[in-house]
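# Structure at a glance
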Protein chains: 2
Amino acid sequence: MAHLEIEKREFLKGLNLMQGIAGRKTTLPILSHIYLEWKQNTLFLTGTDLQTGVQEALTGIVHEEGRASVSSKKLFEIVRELPEQTIQITKKENHWIQLKCGKSLFNLAGLDPDDYPSLPSFQEKAFSKIPTTLFKEMIEKTAFAASNEESRYHLHGILLTQQRSGGKEILRMVATDGHRLSLIEREGQMIRGVEKGVIIPKKGVLEIKKVLGDKEGEGEMNIYVDNTHAFLKWERSLMVIRLIEGEFPEYDQVIPKQNDKTMKIGKEPFYQSLKRVSTMISERAEGVKLSIQPNFMELSSNHQDYGDAKEEIDIQYQGAPMEINFNARYLMEALQSFDSEEVVMELKDEGSPGILRPDLSPSLSQQLSIIMPMRI
Amino acid sequence: MAHLEIEKREFLKGLNLMQGIAGRKTTLPILSHIYLEWKQNTLFLTGTDLQTGVQEALTGIVHEEGRASVSSKKLFEIVRELPEQTIQITKKENHWIQLKCGKSLFNLAGLDPDDYPSLPSFQEKAFSKIPTTLFKEMIEKTAFAASNEESRYHLHGILLTQQRSGGKEILRMVATDGHRLSLIEREGQMIRGVEKGVIIPKKGVLEIKKVLGDKEGEGEMNIYVDNTHAFLKWERSLMVIRLIEGEFPEYDQVIPKQNDKTMKIGKEPFYQSLKRVSTMISERAEGVKLSIQPNFMELSSNHQDYGDAKEEIDIQYQGAPMEINFNARYLMEALQSFDSEEVVMELKDEGSPGILRPDLSPSLSQQLSIIMPMRI
């Protein structure tokens, strides 16, 4: 009799969540593996790249307890192709496992499961609760602004911090790549241990988003942060992320306080216009020029080889005319992170950073994007 | 007034068809361009890489005749982003063109249209007719077997040839990469000029498929072949493909005549089983082993690092047991080219090529795939 029986669908769901973590290019062969442990009618899958670890508990029938470590990618490829039937798994000699499903039989090489790195441990009682969709939304509205450049490691994460205002707890996330910054706050949310600010790496945050994206329903997740790791638990998933050490930039000083040229712009027309004008932006990244007049704005661009583009959109603005250059992609990504029909843009002059906000009641969301201008 | 007015949707449809041809990496800048000529309320778009040329006639309103040569990729990117409205095109100085649509205005750099290479000319009267879907089907059922290796230039094309049997005209297509061969015939079809056999390059054939794939309805296409080019016309499209010079392999001698071990296999179970067992095929391409017994076949594979797989399927076979190794992908691609529920496999011994055919009445389709075995 097989040691473990599990439905293909259930197994594949779990393996799918491991793919982003285990199996990346790695010099340590066992990190391309996942760790399997089956006991008490549960199959626990664990994957880790030593920065981010994921554990999933899957439902199966365990006839004999066991553990294994096999290639994450290869196991995924095999299970994906199997028919929608029960898979029978048996531990064999020399750390191999056997998979049987329908008329298919696979023998899969493994490594000693004792050598698989274990996830950091945590205290069960210290978790804070936060609505899952709210946490996911806060990630989506900030993570895009974090740096992708490996060389800027301290800008490579999302700051998670706790504020207090008028007796209310406020959870804040901030991300920046040095050229732009995104910030979102939510009142009445509290994660213990982040008061001084912790930096979660972008990779880990995107894994959270991916894993949450596969979960249905509302519900709450549990978060616990210690000096070195963030631990996230929900339903039958556990995620452990190593925090980035070091100081997050003093972003409060970057938020402009004197941007007195305020205008309201339809989000979708602004976005579509930027998308069109972007086709003529030079690879030398000269950006899009915004020429602002009372009640309208001209967007223009030119490309050293291909030519130029311009377009007008209506805005609500009564101030003095001005011109400013921005990276069009930064503007578009900020707009995409807003839920409102209209956005507010606050500018000072052509050399000062601009602020974009969704045009929403402050009680709904405190959110802003700051974008540095480019030289005209 | 603009020189030409054309709906965005119509323009984009034509530009889309040009993308595979013009704009490829090229050392000659004008080959990344398309040629536009507007006259008599028609916009003619032409793209060519000097091997394959496409011309599309689009409907517009011409106020003043003109010609231009502009970047295929950039024009496509711009038009794709424009709103679903009328685009106004005006020829400007120095070979530039201006596009206006809604509130957008683009000035696009161009080259002298006189420098754009013209497509080879042809005789209007000499065309043969063939049903469009039939021609497309014949391409789909052979082209996959042609070589992708640049070094095997003479295997880089599809042979188009004309046979005569029992007083009937038969159109035949053949493709091979030296390891496998696909052949399809259709009775009652005749293309003048291909009697001795002409070789159409795979790239060109895949462009035909792409362009035909965008066309709806049944209809007929017109084909004309001279010593150097094939000309294809249908609806408002023209395609010109330079033929490959040289000899196609003597494929008739390759078709085995003494394969006396004949079996019938369900196409879908065979295909699915190959797909599963393929997950354990080594990168060293050791292939899948077929172990054939009366009424069943075992498929097996093994990978030097990951392990092994095997699976049984039922077959209709009464002959002697045998084993043979094949490249699993070649088997799968042959199966995918067949329309029948069951397939016939004809083998001789482990060292001789195998034949696969759809299990269809010979009057419906004459089609076969020959695959060389791999060493066991």
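Residues numbered from 1 in each chain as written. Chains lettered and ligands numbered in written order. Predicted model: local features only at pLDDT ≥ 70, side-chain atom pairs only at ≥ 80, totals over all residues.

## Things to note about the relation of the copies chain B and chain A
Each copy of the sequence occupies a distinct position, and chain B is placed on chain A by a rotation of 180° and an axial shift of 0.0 Å, giving an RMSD of 0.0 Å. Taken together, the rotation and translation relating the two chain copies correspond to the operation of a two-fold axis. (Least-squares fit on C-alpha atoms with pLDDT ≥ 70 in both.)

## Let's talk about the nonpolar core
Grouped together as the largest cluster of nonpolar side chains are 199 residues, with contacts concentrated most on Ile158, Ile200 and Ala230 of chain A together with Ile158, Ile200 and Ala230 of chain B. Those residues in contact with Ile158 of chain B that sit more than four places away from it in its chain are Thr142, Ala143, Ala146, Met173, Ala175, Ile200, Lys202 and Val205 of chain B. (Core = buried A, V, L, I, M, F, W, Y, C linked by C-beta atoms within 7 Å. Buried ≥ 20, exposed ≤ 12 C-beta atoms within 10 Å, placed from the backbone. Contact = placed C-beta atoms within 7 Å.)

## What to know about the sheet that holds strand β23 (residues 322–326) of chain B
Pairing within the open sheet is antiparallel, and its 9 strands lie in the order β5(A)-β1(A)-β7(A)-β8(A)-β9(A)-β22(B)-β21(B)-β20(B)-β23(B). Unpaired on one side and paired on the other, β5 (61–62) of chain A together with β23 of chain B mark the two borders of the sheet. Two strands pair when backbone bridges link them, and strand β20 (residues 288–293) of chain B and strand β21 (residues 296–303) of chain B are joined in this way by 5 bridges, in the antiparallel orientation. The residue of β21 of chain B that forms the bridge with Ile292 of chain B is Met297 of chain B. Against the sheet, helix α1 (residues 8–18) of chain A makes contact with β1 (4–7), β7 (86–91) and β8 (97–101) of chain A, and its axis sits at roughly 85° relative to β1 of chain A, the strand it touches most. Sheet contacts for helix α5 (residues 267–278) of chain B: β9 (104–108) of chain A together with β20, β21 and β22 (307–314) of chain B; angle to β22 of chain B, the most-contacted strand, approximately 170°. (Pairing = 2+ DSSP bridges. Helix = DSSP H or I, 4+ residues; strand = E, 2+ residues; numbered from the N terminus. Axes fitted to C-alpha atoms, helices over the stretch in contact; angles between N-to-C directions.)

## Focus on the sheet that holds strand β16 (residues 220–225) of chain A
Residue and element names in this part refer to chain A. Pairing is antiparallel in the open sheet, where 9 strands are placed in the order β10-β6-β2-β3-β4-β18-β17-β16-β11. Each of the sheet's edge strands pairs with one partner strand only, and the pair in question is β10 (110–111) and β11 (128–131). Here 7 bridges tie strand β3 (residues 42–48) to strand β4 (residues 52–59), and the two strands are oriented antiparallel to one another. Each residue of the ladder has a partner; that of Thr46, found in β4, is Gln55. Packing against the sheet, helix α2 (residues 72–81) makes contact with β2 (33–39), β3 and β6 (66–71), and its axis sits at approximately 95° to β6.

## Details of the packing of α5 of chain B against helix α6 (residues 328–336) of chain B
Residue and element names in this part refer to chain B. Interaxial distance between α5 and α6 falls to 10 Å at its minimum, and their mutual angle equals 150°. One element, α5, and the other, α6, form an angle in the roughly antiparallel class. Seen along the crossing, α5 lies across α6 with a hand that is left-handed. From α5, Lys267, Phe270, Tyr271, Leu274, Lys275, Val277 and Ser278 reach across to α6, where they touch Ala328, Leu331, Met332 and Leu335. Residue composition of the contact of α5 with α6, grouped by class: 8 nonpolar, 1 polar and 2 charged. (Parallel < 35°, antiparallel > 145°, perpendicular 65-115°, else oblique. Left-handed = near helix turned anticlockwise from the far one by under 90°. Nonpolar A, V, L, I, M, F, W, Y, C, P; charged D, E, K, R; others polar.)

## Considerations on the pairing of strand β3 (residues 42–48) of chain B
Residues and elements named next belong to chain B. Burial of β3 is extensive: 5 of the 7 residues sit out of reach of the surface. Both strand β2 (residues 33–39) and β3 contribute to a ladder of 5 bridges, which runs antiparallel. Residue pairing across strands places Trp38 opposite Leu43, the latter belonging to β3. Linking β3 back to strand β4 (residues 52–59) in an antiparallel pair, the connection comprises 3 residues, with Leu50 at a positive phi of about 75°.

## Describing the interface of chain B and chain A
Between chain B and chain A, the residue contacts involve 26 residues of the former and 26 residues of the latter. If you list the elements that add at least two residues to the side of chain B that touches chain A, you get α2 (72–81), β9 (104–108), α5 and β22 of chain B. Here the side of chain B that touches chain A is composed, by residue class, of 10 nonpolar, 5 polar and 11 charged. Pairing analysis gives 5 bridges linking strand β22 (residues 307–316) of chain A to β9 of chain B, with the strands arranged antiparallel. In the sheet register, Glu311 of chain A faces β9 of chain B, and the bridge partner there is Ser104 of chain B.

## A few points about the domain arrangement of chain A
Domain annotation of chain A identifies domain 1 (4–115), domain 2 (124–252) and domain 3 (255–371). Taking only C-alpha atoms into account, the centre of domain 1 of chain A sits 49 Å from that of domain 3 of chain A. (Domains from an automatic or database assignment.)

## Re the environment of Lys168 of chain B
Residue and element names in this part refer to chain B. Positionally, Lys168 belongs in strand β13 (residues 168–176). In this structure, the C-alpha to C-alpha distance between Lys168 and Arg80, residues 88 residues apart in sequence, is 48 Å. Setting aside residues no more than four positions away along its own chain, Lys168 makes contact with Glu187 and Gly188.

## Things to note about the pairing of strand β14 (residues 180–187) of chain A
All names here are of chain A. Extensive coverage of β14 is indicated by the burial of 6 of its 8 residues. Of the strand pairs in this sheet, strand β13 (residues 168–176) and β14 are connected by 7 bridges, and their pairing is antiparallel. Note that in β14 the partner of Thr176 across the bridge is Leu181. Remark: 3 residues form the turn of the hairpin made by β13 and β14, two consecutive strands paired antiparallel; Gly178 in that turn has positive phi of roughly 95°. Where β14 lies against strand β26 (residues 366–371), 6 bridges are found, and the strand directions are antiparallel. Following the sheet pairing, Leu181 is matched in β26 by Ile370.

## Concerning helix α6 (residues 328–336) of chain A
Residue and element names in this part refer to chain A. Along α6, the positions that sit buried rather than exposed are Ala328, Tyr330, Leu331 and Ala334. Looking straight down α6, one finds that the buried residues subtend no more than 165° of arc, so they occupy a single side. Where α6 is buried, its residues meet β14, α5 (267–278), β20 (288–293), β23 (322–326), β25 (354–358) and β26. (Arc of directions from axis to C-beta.)

## Some words on the environment of Asp314 of chain B
Residue and element names in this part refer to chain B. With respect to the helices, strands and loops of the structure, Asp314 is situated in strand β22. Residue classification places Asp314 among the exposed positions, given that 12 C-beta atoms sit within 10 Å. Between the C-alpha atom of Asp314 and that of Gly266, which follows or precedes it by 48 residues, the distance is 8.2 Å. Every residue in contact with Asp314, bar those within four places of it in the chain, is listed here: Asn295 and Phe296.

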